[in-house]
Amino acid sequence: MNSIESAFNLLSEHFHRDVAILQLRELTTWQTGGPAVCVTVTSAAMLADLLGLTAGEGIPWFILGLGSNVLAGDEGCREVIIRLSGAMAETVWHRSGNSWDLKIGGGVHLPSLSGAACSRGASGLTFAIGIPGTVGGAVFMNAGAYGNSIADSLKSVTVLDYEGSASIIPGEECCFAYRSSRFQKERTIITGATMSLESGDPAVLRTEGKRILELRRKKFPLQHPNAGSVFRKPDEGISPGKLIEDAGLKGKTVGGAKVSCKHANFIINTGKATSDDIAELIDIVREAVLATSGILLEEEIRYLGRRELNDVG
Ligand SMILES: Cc1cc2nc3c(=O)[nH]c(=O)nc-3n(C[C@H](O)[C@H](O)[C@H](O)COP(=O)(O)OP(=O)(O)OC[C@H]3O[C@@H](n4cnc5c(N)ncnc54)[C@H](O)[C@@H]3O)c2cc1C
């Protein structure tokens, strides 16, 4: 019996139908990656049980949101994939005076939260309307756009550690910086967050949301599977897209992976890309940009299964 089957059998005894063997290509926006055992977690108590069991049995895990920033191995992964759903993906809204207080589950779909905030007249999340992740993934990455980031409105983050103990971390202790947070250095699961949003005019916010979505449709190659920006903006402040374009790599392909002609910091899956194709293209881009500009680009995307470069799981 291989490690996937034995993990599946063990976890199924405890969590029954919430455990399945799925293809990572179905769980990631690049639509690549092989098999993995997945547990869909629907409550904090279930998550604590699962973490207790995995710690006791020495089973590695990886918490996955919408997989919009992840390159998953073609051979799958030995980590058990944890996904938050049900009560872990709910938002409680409370109006207090001229602002809104939100209690948000880590599995909440970020674009839907942003859209709901616009409709209710709660400002501060409109920037996130086109960022296709979960709140947990966005907090982990400190996702942002147009000069805003998720950190701006956060009051606190609730996490469970690898043994299932919960703690609440105030926003100012989350060490947020450009596409980074303390959670990238810790083995914790972000189960929820609290936020405070100022009141705004729903009509104005909705119009702004539509404008942002239109802008993104024009700028990004959204008709092909992708994972957003592959590389982080380097300390030199030059956009990776410009550096990649200047290195003459727009349209460069490896197998089914291609540097987008529309936005060079996006690598698209033209249909039959493997994760190995994408990873090889990432290496080619990094080396070509280093050769032409002297700047070493670092990935913003996270690896699962294939490389251990920036995995926390
Ligand atoms: C078309 C497109 C456009 C994008 N545009 C933007 C943009 O404008 N700005 C931007 O910042 N990003 C952008 N992204 C990248 C991505 O959407 C964000 O990084 C997003 O926040 C990732 O969320 P996720 O739930 O998909 O996380 P995943 O991709 O599933 O995971 C990313 C990392 O977060 C960790 N993680 C996920 N959930 C949790 C949790 N609950 N607790 C702890 N760790 C967790 C994972 O382990 C992994 O290491 C874009 C991606 C795409 C495909």
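Shown above is the structure to which this text applies.
All of the points below concern the structure found in this document. Along each chain, residues carry numbers from 1 onward, in the same order as the chain's sequence is written. For this predicted model, a pLDDT threshold of at least 70 governs which residues receive local features, and a threshold of 80 or more governs which side-chain atom pairs are given and counted, while totals over whole chains, interfaces and linings are taken from all residues. To obtain the side-chain values, all non-hydrogen atoms of the structure were included, while hydrogens and water were left out.

1. Some points on the packing of aromatic side chains
And step 1. Stacked, tilted and edge-to-face are the three classes applied to pairs of Phe, Tyr and Trp rings, where Trp contributes its six-membered ring and a pair requires centres within 6.5 Å; stacked means planes under 30 degrees apart, edge-to-face means over 60, and tilted covers the rest. The final tally for this structure, using the stated rule, is two aromatic pairs.
And step 2. With a centroid separation of 5.8 Å and an interplanar angle of 90 degrees, the aromatic rings of tryptophan 93 and tryptophan 100 are classed as edge-to-face.
And step 3. Pairing phenylalanine 220 with phenylalanine 266 gives two aromatic rings, centres 4.8 Å apart and planes at 20 degrees, and the pair type is stacked. Pair noted here: phenylalanine 220 is in the loop between helix H5 (202–219) and helix H6 (240–246) and phenylalanine 266 is in the loop between strand E15 (257–259) and strand E16 (267–269), with a separation of 46 residues, a long-range link. Only DSSP runs of H or I with at least four residues qualify as helices, and only runs of E with at least two residues qualify as strands; both kinds are numbered from the N terminus onward.

2. Some words on the site of the ligand
And step 1. Put simply, a residue is near a molecule or strand once any heavy atom of it comes within 4 Å of that molecule or strand. Close to the ligand lie 33 residues, the nearest being Ile63, Gly65, Ser68, Thr134 and Gly144.
And step 2. Glycine 67 places a polar main-chain atom, nitrogen or oxygen, 2.9 Å from an oxygen atom of the ligand.
And step 3. As used in this structure description, the phrase polar contact means that two N or O atoms lie within 3.5 Å; if the pair is within protein, one of them must be able to donate a hydrogen and the other to accept it, and residues adjacent in sequence are counted only when both atoms belong to side chains. A distance of 2.8 Å separates a nitrogen atom of the ligand from a polar atom in the side chain of arginine 216.
And step 4. Here the element with the most residues in the shell around the ligand is helix H4 (residues 135–141); it accounts for five residues.
And step 5. For the shell around the ligand, the two domains that each supply at least three residues are domain 1 (3–86) and domain 2 (89–219). These domain boundaries are the output of an automatic or database domain assignment.

3. Examining the sheet that holds strand E3 (residues 61–63)
And step 1. What the four strands build is an open sheet, ordered E1-E2-E5-E3; its pairing is mixed. The two strands at the open ends of the sheet, each matched to only one other strand, are strand E1 (19–23) and E3. The average undirected angle you get between the axes of adjacent strands in this sheet is 35 degrees.
And step 2. Direction of pairing for strand E2 (residues 35–41) relative to strand E5 (residues 80–84): parallel, over a ladder of four bridges. For valine 39, the partnering residue across the bridge sits in E5 and is isoleucine 82.
And step 3. Contacts are assigned to residue pairs that have any heavy atoms within 4.5 Å of one another. Every axis in this analysis is a line fitted to C-alpha atoms, fitted for helices over the stretch in contact. Angles between the N-to-C directions lie between 0 and 180 degrees. In this fold helix H2 (residues 44–57) packs onto E2, E3 and E5, with an angle of close to 140 degrees to the strand it touches most, E2. A pair of strands is treated as paired once DSSP finds two or more bridges between them.

4. Examining the layout of surface pockets
And step 1. As defined here, a cavity is a set of points on a 1 Å grid over the protein atoms alone where a 1.4 Å probe fits but cannot get out. A pocket is an open set with protein on both sides within 12 Å along at least five of seven lines, and residues line them when an atom is within 4 Å of a point. Grid points are joined across faces, edges and corners, and a volume is the space filled by probe spheres set on the points. Size it by volume and the second largest pocket reaches roughly 350 Å³.
And step 2. Ranked by residues supplied to the lining of the second largest pocket, first place goes to strand E13 (residues 188–199) with four residues.
And step 3. Split into classes, the residues belonging to the lining of the second largest pocket amount to nine nonpolar, six polar and two charged. When residue character is reported, Ala, Val, Leu, Ile, Met, Phe, Trp, Tyr, Cys and Pro are called nonpolar, Asp, Glu, Lys and Arg charged, and the others, Gly included, polar.

5. Details of the side chain of threonine 28
And step 1. Relative to the assigned elements, threonine 28 resides in the loop between E1 and E2.
And step 2. In this structure the side chain of threonine 28 is engaged in a polar contact, spanning 3.0 Å, whose partner is the backbone oxygen of leucine 24.
And step 3. Not counting the four nearest positions on each side in its chain, threonine 28 is found in contact with Leu66, Gly67, Val70 and Ala72.

That's the geometry; what it means functionally is another story.
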